[in-house]
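Descriptive structure summary
So the chains spell out like this:
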Amino acid sequence: MQGKVWKFGDNIDTDLIIAARYLNTSEASELAKHVMEDADPSFVNNMSEGDIIVAGENFGCGSSREHAPIALKAAGVAAVVAPTFARIFYRNAFNMGLPIFELPEAEEINEGDTIRIDMDAGEIINVTQAKTYKFTPIPEFMQELVDAGGLINYAKQEIAKQQV
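Heads up: these notes are all about the structure in this document. (Residues numbered from 1 in each chain as written. Predicted model: local features only at pLDDT ≥ 70, side-chain atom pairs only at ≥ 80, totals over all residues. Heavy atoms only, no water.)

Once that is clear, we can look at the side chain of Asp-113. Topologically, Asp-113 is positioned in the loop between strand 4 (100–102) and strand 5 (114–118). Looking at Asp-113, its side chain comes within polar contact range of the main-chain nitrogen of Asn-110, at 3.0 Å. A polar atom in the side chain of Asp-113 sits 2.7 Å from the side chain of Gln-129. Residues in contact with Asp-113, not counting those within four places in the same chain, are Gly-3, Lys-4, Val-5, Asn-126, Thr-128 and Gln-129. (Helix = DSSP H or I, 4+ residues; strand = E, 2+ residues; numbered from the N terminus. Polar contact = N/O pair within 3.5 Å; in protein donor to acceptor, adjacent residues only side chain to side chain. Contact = heavy atoms within 4.5 Å.)

This is the structure:
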């Protein structure tokens, strides 16, 4: 995957990803209209599908709600890169099919840079800066969740295989 970088700081909590005032629905397309609104009101209107969020430490802290990765994915965010993620957000992201990558050097990537992520090789290439970073590759099972579009789709595929 390759996309333009949107940069956010440390401790972006789930209320900044999708504010609680919008949680009266779990409709992904409605949540997508308000993703990151309180962190950057222009984000949704200016981002393009396939763009990538690069953030600071502890991305996704706060509530354990699944709405946060659902909103990001529905808005067209291809991936999130950060030095660390809140553990519940980390698992929720994969369960929803949103790829996220832990990269200690995330602060070196600038807003507006173009980066390419090779999940299999465990590399993030900053195309703009001509710099390559290594990250611990995502376990195969987690990659399968992302490829399937999330845990529910993965389970449906597995059930279908058993019925053949």
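Next comes the rest of the account.
The sheet built from seven strands is open, its strands ordered 4-3-2-1-5-6-7 with mixed pairing. With partners counted over all chains shown, the strands left at the sheet margins are strand 4 and strand 7 (131–134), one partner each. For this sheet the average axis-to-axis angle between neighbouring strands, irrespective of direction, equals 30 degrees. (Pairing = 2+ DSSP bridges. Axes fitted to C-alpha atoms, helices over the stretch in contact; angles between N-to-C directions.)

Taken as a whole and assessed by the stated rule, the structure comprises eight salt bridges. Between Glu-108 and Lys-131 there is a salt bridge, and its shortest N-O distance comes to 2.9 Å. Placement of the pair is Glu-108 in the loop between strand 4 and strand 5 and Lys-131 in strand 7, with a sequence separation of 23 residues. (Salt bridge = Lys/Arg side-chain N within 4 Å of Asp/Glu carboxyl O.)

Time to look at the packing of helix 6 (residues 140–148) against helix 7 (residues 151–162). One can describe the packing of helix 6 onto helix 7 by two numbers: an axis separation of 7 Å at closest approach and a directional angle of 95 degrees. The pairing of helix 6 with helix 7 is recorded here as roughly perpendicular in orientation. Listed contacts from helix 7 to Phe-141, Glu-144, Leu-145 and Ala-148 of helix 6 are Leu-151, Asn-153, Tyr-154 and Gln-157. Looking at the contact of helix 6 with helix 7 residue by residue, the class counts come to five nonpolar, two polar and one charged. (Parallel < 35°, antiparallel > 145°, perpendicular 65-115°, else oblique. Nonpolar A, V, L, I, M, F, W, Y, C, P; charged D, E, K, R; others polar.)

This part covers the packing of aromatic side chains. Enumeration according to the criterion identifies nine aromatic pairs in this entry. Look at Phe-85 and Phe-89: their rings are 6.2 Å apart centre to centre, the planes differ by 10 degrees, and that puts the pair in the stacked class. Here Phe-85 matches Phe-89 in class, with each residue buried. Ring pairing ties together the aromatic residues Phe-59, Phe-85, Phe-89, Tyr-90 and Phe-94, which thus form one cluster. A cation over a ring is seen here: Arg-87 above Tyr-90, with NZ or CZ 4.8 Å from the ring centre. (Phe/Tyr/Trp six-rings, centres within 6.5 Å; stacked < 30°, edge-to-face > 60°. Buried < 20%, exposed > 50% of the residue type's maximum accessible area, 1.4 Å probe, protein only. Lys NZ or Arg CZ within 6 Å of the ring centre and 35° of its normal.)

Shape descriptors only; they carry no functional weight alone.
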